[in-house]
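Structure at a glance
Each chain, letter by letter, is given below.
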Amino acid sequence: LTFPLLSVTLLVSFGSSMLYGYNLAVVNSPAVHIKAFYNATWFQRYGHSLAPGPLTLLYSLTVSIFALGGLVGSLLVGVMVERYGRNGTLSRSTLLVLLAGGFMGFSRELGSPEMVIIGRSIMGLHSGICLSVVPLYLGEIAPKNLRGFLGLVPSIFICLGVFFAQVLGLPELLGKDRFWPLFLSVVVVPASLQLLLLHCFPESPRYLLIERNDVYGATKALHRFLGTPDVQDVIEEMKEEQRSLSTMEMVSVWQLLRDRSVRWQTLSVVVVNAGMQLSGIDAIWFYTNTIFENAGIPVSQIPYTTVGTGAIEVVAGLIG
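Residues numbered from 1 in each chain as written. Predicted model: local features only at pLDDT ≥ 70, side-chain atom pairs only at ≥ 80, totals over all residues. Heavy atoms only, no water.

**Considerations on the side chain of N87**
- Inspection of the secondary structure puts N87 in helix α3 (residues 52-105).
- Engagement of the side chain of N87 in a polar contact is seen with the side chain of Y137, the distance being 3.2 Å.
- Polar contacts involving the side chain of N87 include one to the main-chain carbonyl oxygen of P202, which spans 3.5 Å.
- Contact partners of N87, with chain neighbours within four places excluded, come to Y137, L198, F201, P202 and E203. (Helix = DSSP H or I, 4+ residues; strand = E, 2+ residues; numbered from the N terminus. Polar contact = N/O pair within 3.5 Å; in protein donor to acceptor, adjacent residues only side chain to side chain. Contact = heavy atoms within 4.5 Å.)

Okay, here's the thing in structure tokens:
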């Protein structure tokens, strides 16, 4: 495990993967303040407050549009990694975070609930891209014996992102009414760090050789990541993969779903992912305070109980 390999793993996990977890939980504690802002803005514009139903609908849109942005982002990954590379895609996607942070951070100053919703959708777009690109990049730069370990690091940082959002949302920190725009936009800090430092690390050697046919660039990147002058065996292995890929026909998602020869593999992937995504965990992160309030926990204790759920997920991630 070389220093450059560990450094870039921590950097992209901190600057990309962690933001996904953070944005899952960040809308939980300031929900009351955001709704109050929506109501006050509506009253200023139209002379009357929002009814409870439309207010809930508007806030639900704010929460769930993050997932819709993620869907769009995931569909863009194939085109982006082919055009810009893995490292290049992560660098460019960071600009989305800066844009989203600006929208959400200045929304109250400009009296615009629309800016919060747009910012959330852009953050979803970023998360949809990075959830695919970070494991792809790390899987391609890591030697075979470290792929499993490095592949788990982003998952742990997702759990940490949820936990950090819950801690920052405590009343003693950014859980007050005047701080909620800052609370939503603090994502620009890790994203800026990634933008500044990611260019110090090479592109994926596999991408350089197989998709760009840049043997020199791939060799140089391998020297940097693996910390050894002898990388000829790895180069030959990638050249063999390049030759085998040249004879293969790429399939679309629709063709994959219709291909009977991989029916069970496709079904396995769908069931495992559906089980995780439909377990209700995202609803818990989005609405933790409301769930605990309905469960009868005293309001003063809810923020700390919420932090406990995030801590449990971090511990579970480490154990896993």
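**Examining a nonpolar patch on the surface**
- There is a patch of nonpolar side chains on the surface, built from L1, L6, L10 and F149 and spanning about 350 Å² of accessible area.
- Mapped onto the elements, L1 comes out in the segment before α1 (3-25).
- Since its relative accessible area comes to 56%, L1 is described here as exposed. (Patch = residues over 30% accessible without salt bridge, like charges linked within 9 Å, V, L, I, M, F, W, Y side chains within 5 Å. Areas by Shrake-Rupley, 256 points an atom, 1.4 Å probe, with all protein chains shown as cover. Salt bridge = Lys/Arg side-chain N within 4 Å of Asp/Glu carboxyl O. Buried < 20%, exposed > 50% of the residue type's maximum accessible area, 1.4 Å probe, protein only.)

**Points about the pattern of salt bridges**
- Applying the stated criterion to the full structure yields five salt bridges.
- For R45, the salt bridge is made with E114, and the minimal N-O distance between the two is 2.8 Å. Pair noted here: R45 is in helix α2 (residues 31-46) and E114 is in helix α4 (residues 113-141), with a separation of 69 residues, a long-range link.
- With relative accessibility at 38%, the residue R45 sits in the partly exposed group.
- E114 sits in the partly exposed class, given a relative accessible area of 37%.
- Across the pair E140 and R86 runs a salt bridge, and its minimum N-O distance is 2.9 Å. With a gap of 54 residues between them, E140 in helix α4 and R86 in helix α3 connect regions that are remote in the sequence. Exposure class is identical for E140 and R86. Each is buried.

**A closer look at the packing of aromatic side chains**
- On inspection of all chains with the given rule, the structure shows seven aromatic pairs.
- Geometrically, the ring pair formed by F37 and Y38 is tilted, given 5.9 Å between the ring centres and 50° between the ring planes. When sorted by exposure, F37 lands in the same class as Y38, which is buried.
- With centroids separated by 6.3 Å and ring planes inclined at 75°, the aromatic side chains of F286 and Y287 adopt a geometry described as edge-to-face.
- Accessibility expressed as a relative area gives 11% for F286, which makes it buried.
- Among the aromatic residues, those joined into a cluster by ring pairs are F37, Y38 and W180. (Phe/Tyr/Trp six-rings, centres within 6.5 Å; stacked < 30°, edge-to-face > 60°.)

As far as function goes, none of this settles anything; it's purely spatial.
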